[in-house]
Amino acid sequence: MNYTLRQLRVFVAVAQQGSFSQAGQLIGLSQSAVSHSIKELEGEMGIRLLDRTTREVLLTEAGEQLSSRLERLLEELNTTLRDVRSYGKQRSGTVRVAASQTIAAHLMPQCLAASTEHFPDIKVMLRDRPQQWVLQSIRNAEVDFGIVVGPLPEEDFETEAILDEPFLLLCRKDDPLAAQQTIHWQMLNQRQLVLQDYASGSRVLIDEALRVQQVQAEIVQEIGHPATLYPMVEAGIGISILPALALPLPEGRPLLVRRMVPEINRTIVLVRRKNRSLTPAAEAIWQEVRQQALLLTQQRKKTPAF
């Protein structure tokens, strides 16, 4: 059978109204369109559903049976569609987000605060872990989405870039480089560096920058947590390279940052499993993180922190 949902709706309207013209007014069709739709339905079913006279439209016995059942089925269908539509607008529940440690510490607090304000019925659970753990938790569906350093070579993710930020030099205030307002990468030649280890998404990018800029430096310490960079540099163990997102520096320490030229950036990306839709609540938080990253970019343009 090749009848359509529209034909069934038209038939029910005619059965309820007892008139082609009144049914047409109810559902927004002309009388001739209603009549044509009924004829098509009867043709497909191979049975007369309505008896037409000059004054009224009457249901046949077959029409009576069809009408009584269709009214209930169409009402159930309408209820189901309304429920699905309501779910699509739902902004409640728990959203689990994983982020690399620097991102979790310096971007996510404002994201969480904004999410609480804009979506009070959504509970966001943040997990701050090394980048590879974040990616694995996305693969395993342990979190709804993540925020990491891109680009990602994996083909099983969908990503959206939300923030570009430069790498900066971190040194003591009494370091010879502190006297320079802008640092050329080559000035790092023969210096001792303290860098994050390869659990950080930034490390591969820093290694590549050192290689491209032909910097020969000694990496004397590789640490796991980004906060450990500050006491290492303060103790004179070496200088470091960190992303702008790690600012501001801890107060009261004899440290400063300097721009490096040429400017080399890292990109922060939102990540989710490929070909998997987010829940409405997770989509709302995804967009909130995206918006907060945009606001941070605009704020830096107005009031540079370095």
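Residues numbered from 1 in each chain as written. Predicted model: local features only at pLDDT ≥ 70, side-chain atom pairs only at ≥ 80, totals over all residues. Heavy atoms only, no water.

Our next topic: the pairing of strand β8 (residues 192-196). Of all the 5 residues making up β8, 4 are buried; the element is thus mostly covered by neighbouring parts of the structure. Alignment of β8 against strand β9 (residues 218-223), held across 5 bridges, turns out to be parallel. Looking at β9, one finds that Leu195 is bridged to Glu222. Note on the crossover from β8 through helix α8 (residues 201-212) to β9: the handedness is right-handed. (Buried < 20%, exposed > 50% of the residue type's maximum accessible area, 1.4 Å probe, protein only. Helix = DSSP H or I, 4+ residues; strand = E, 2+ residues; numbered from the N terminus. Pairing = 2+ DSSP bridges. Right-handed = clockwise from strand over helix to strand, strands pointing away.)

Below, the discussion takes up the environment of Ala209. Among the secondary structure elements, Ala209 is positioned in helix α8. For Ala209 and Phe167, which are 42 residues apart along the polypeptide, the C-alpha to C-alpha distance reads 9.7 Å. With residues up to four places along the chain from it excluded, the contact list for Ala209 reads Trp185 and Ile264. (Contact = heavy atoms within 4.5 Å.)

Let us look at the packing of helix α6 (residues 108-118) against helix α10 (residues 280-302). Packing of α6 against α10 leaves a shortest axis separation of 9 Å and a crossing angle of 125°. When the axes of α6 and α10 are compared, the pair comes out oblique. The two elements α6 and α10 cross, and the hand of that crossing is right-handed. Here Met108, Gln110, Cys111, Ala114, Ser115 and His118 of α6 come into contact with α10, specifically with Ile285, Glu288, Val289 and Gln292. Classifying every residue of the contact of α6 with α10 gives 5 nonpolar, 4 polar and 1 charged. (Axes fitted to C-alpha atoms, helices over the stretch in contact; angles between N-to-C directions. Parallel < 35°, antiparallel > 145°, perpendicular 65-115°, else oblique. Left-handed = near helix turned anticlockwise from the far one by under 90°. Nonpolar A, V, L, I, M, F, W, Y, C, P; charged D, E, K, R; others polar.)

Here the focus is the packing of aromatic side chains. For any two aromatic rings, the description comes down to two numbers: the centre-to-centre distance and the angle of the planes. Per the stated rule, a full pass over the model turns up 1 aromatic pair. Between Phe145 and Trp286 the ring centres are 5.3 Å apart and the planes differ by 70°, which places this aromatic pair in the edge-to-face class. With Phe145 in strand β5 (residues 145-150) and Trp286 in helix α10, this residue pair connects regions lying 141 residues apart in the sequence. Residue Phe145 is classed as buried on the basis of its relative accessible area, which comes to 0%. Look at Trp286 and you get buried, because its relative accessible area is 4%. Taking NZ or CZ as reference, Arg203 lies 4.3 Å from the ring centre of Tyr198, over its face. Above the face of the Trp286 ring, Arg272 is positioned so that its terminal group lies 5.0 Å from the ring centre. (Phe/Tyr/Trp six-rings, centres within 6.5 Å; stacked < 30°, edge-to-face > 60°. Lys NZ or Arg CZ within 6 Å of the ring centre and 35° of its normal.)

Turning our eyes to something else, we now look at the pattern of salt bridges. What the rule picks out here adds up to 15 salt bridges. With its nearest N and O atoms 3.5 Å apart, the salt bridge here joins Glu158 to Arg272. Of the two residues, Glu158 sits in strand β6 (residues 157-172) while Arg272 sits in strand β12 (residues 265-273), which places them 114 residues apart along the sequence. You can call Glu158 partly exposed: its relative accessible area is 27%. Where Glu208 meets Arg211, a salt bridge forms, and the shortest distance between an N and an O atom there is 2.6 Å. Here Glu208 pairs with Arg211, and both are found in helix α8, just 3 residues apart, close to one helical turn. Bridged by salt links that share partners, the residues Glu158, Arg272 and Glu283 form one connected network. (Salt bridge = Lys/Arg side-chain N within 4 Å of Asp/Glu carboxyl O.)

This brings us to the pairing of strand β10 (residues 239-243). Buried residues dominate β10, accounting for 5 of its 5 residues. Of the two faces of β10, the one lined by Ile239, Ile241 and Pro243 and the one lined by Ser240 and Leu242 are each fully buried. Both β6 and β10 contribute to a ladder of 4 bridges, which runs antiparallel. Paired with Leu169 across the two strands is Ile241, which belongs to β10. Sheet topology places β8 next to β10; 2 bridges connect them, and they run parallel. In the strand pairing of β10, Val194 is matched with Ser240.

With respect to the helices and strands, Asp164 occurs in strand β6. Residues contacting Asp164, with those up to four places away along its chain left out, are Arg266 and Thr267. Polar contacts involving the side chain of Asp164 include one to the side chain of Thr267, which spans 2.6 Å. (Polar contact = N/O pair within 3.5 Å; in protein donor to acceptor, adjacent residues only side chain to side chain.)

For the rest of this paragraph, the subject is the domain arrangement of the chain. The domain boundaries assigned to the chain delineate domain 1 (5-88), domain 2 (93-160 + 270-302) and domain 3 (163-266). Placing the centre of domain 1 and that of domain 3 at their C-alpha centroids yields a distance of 73 Å. (Domains from an automatic or database assignment.)

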